[in-house]
Amino acid sequence: MIRILLAEDMHMIRSALTALLRLEPDIEVAAEVTRGDEIVPTALRIRPDVAVVDIDLPVLDGITAAAELRERLPSCRILILTALGRPGQMRRALAAGIEAFLVKDAPGERLADAVRRTAAGLRVLDAELVSAAMEYGESPLTPREATVLREAARGASAEDIAARLHLSSGTVRNYLTAAITKTGARNKIDAIRVAEDAGWL
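Below: a short report on this structure.

To continue, consider the sheet that holds strand 6 (residues 124-125). The strand order 2-1-3-4-5-6 describes an open sheet built from six strands, whose pairing is parallel. The open sheet is flanked by strand 2 (27-33) and strand 6, the only strands paired with a single partner. Here four bridges tie strand 1 (residues 2-7) to strand 3 (residues 50-54), and the two strands are oriented parallel to one another. Of the residues in strand 3, the one forming a bridge with A7 is V53. Running over the sheet, helix 5 (residues 108-119) touches strand 1, strand 2, strand 3, strand 4 (77-82), strand 5 (100-103) and strand 6 and is turned about 150 degrees from strand 4.

Right under this line is the structure:
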């Protein structure tokens with residue numbers, strides 16, 4: 001029997017996933033949580049074989065929580081679910097050592113199969129996302145450009161970024177201009193979108 005910890009904040013989706021998995025004779029949904037910060041304490045208590053984790057969870061995002069779970073309970077395999085299917089998210093998950101990554105609009109039978117394969121220690125990745133992630137390639141941004149763009153993505157102004165990073169406002173603007181050029185974007189907002197989708201931030 002494969003014991004599952006399911007982490008999903010949307011009630012309807014969580015109920016549907018639980019019902020789907022409970023149809024399988026060899027899978028048991030041992031616990032359900034709705035927030036990222038509940039994953040590790042619950043997993044340490046129930047010792048699941050696989051944690052099925054939504055990427056967009058409140059308090060702590062799914063990848064960050066999964067990376068912490070991987071460190072605290074290495075025996076638990078992790079299957080990340082996402083609605084958006086951004087290549088950058090998959091790259092981030094792989095960098096965190098997560099074994100499986102599946103988009104939510106995959107057919108129902110693929111979820112059960114993915115759980116079994118993840119429990120067996122196999123890597124389960126969406127083929128289209130793998131292809132898209134390879135297409136993006138390595139980040140063209142320098143570490144400083146990525147840092148400045150990441151701060152801008154959080155809504156910080158050039159002046160705020162300059163103060164936080166001990167730079168002049170002009171230098172921050174130069175980094176943002178370079179990031180816009182290197183990502184092939186039209187403006188700062190577009191550069192943030194491109195970089196996030198590609199997993200460069």
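This part covers the pairing of strand 2. Sheet topology note: the strand 1/strand 2 ladder contains six bridges and is parallel. Bridged to I2 within strand 2 is I27. The β-α-β motif built from strand 1, the intervening helix 1 (residues 11-22) and the parallel element strand 2 has right-handed crossover chirality.

So, on to unusual backbone geometry. At R47, a position not held by glycine, the phi torsion is positive, near 55 degrees. Residue placement: R47 occurs in the loop between helix 2 (39-46) and strand 3. For R47, a relative accessible area of 48% corresponds to the partly exposed category. Look at H166: it is not a glycine, yet its phi comes out positive at around 60 degrees. Counting through the fold element by element, H166 comes out in the loop between helix 8 (158-165) and helix 9 (169-183). Note on H166: relative accessible area 74%, which makes it exposed.

What follows covers the nonpolar core. Grouped together as the largest cluster of nonpolar side chains are 24 residues, with contacts concentrated most on L5, I39, V53, L69, I78, I80 and I98. Among the secondary structure elements, those contributing two or more residues to this core are strand 1, strand 2, helix 2, strand 3, helix 3 (62-72), strand 4 and helix 4 (87-95). Among all residues touching I80, those that are not within four sequence positions of it are V53, I55, G62, I63, A66, I98, A100, F101 and L102. Core analysis: the second largest hydrophobic core is formed by 21 residues, L141, A156, I180 and V194 among them.

Glancing now at the packing of helix 7 (residues 143-153) against helix 9. In helix packing, the relevant descriptors are the interaxial angle and the interaxial distance, both defined with respect to the helix axes. For the pair helix 7 and helix 9, interaxial distance at closest approach is 9 Å and the crossing angle is 95 degrees. Here helix 7 is positioned roughly perpendicular relative to helix 9, judged by the angle of their axes. Of the residues in helix 9, those in contact with R144, E145, V148, L149 and A152 of helix 7 are V172, Y175, L176, A178, A179 and K182. Of the residues that constitute the contact of helix 7 with helix 9, the class distribution is eight nonpolar, no polar and three charged.

Okay, the side chain of T18 next. By the element assignment, T18 lies in helix 1. The exposure class assigned to T18 is buried, which follows from its relative accessible area of 4%. Within the structure, the side chain of T18 is placed 2.9 Å from the backbone oxygen of R14, a separation counted as a polar contact. Side chain to side chain, T18 and E32 meet in a polar contact 3.2 Å long. Apart from residues no more than four positions distant in its own chain, T18 is found in contact with L6, V29 and E32.

Thresholds applied
Residues numbered from 1 in each chain as written. Predicted model: local features only at pLDDT ≥ 70, side-chain atom pairs only at ≥ 80, totals over all residues. Heavy atoms only, no water. Pairing = 2+ DSSP bridges. Helix = DSSP H or I, 4+ residues; strand = E, 2+ residues; numbered from the N terminus. Contact = heavy atoms within 4.5 Å. Axes fitted to C-alpha atoms, helices over the stretch in contact; angles between N-to-C directions. Right-handed = clockwise from strand over helix to strand, strands pointing away. Buried < 20%, exposed > 50% of the residue type's maximum accessible area, 1.4 Å probe, protein only. Core = buried A, V, L, I, M, F, W, Y, C linked by side-chain atoms within 4.5 Å. Parallel < 35°, antiparallel > 145°, perpendicular 65-115°, else oblique. Nonpolar A, V, L, I, M, F, W, Y, C, P; charged D, E, K, R; others polar. Polar contact = N/O pair within 3.5 Å; in protein donor to acceptor, adjacent residues only side chain to side chain.

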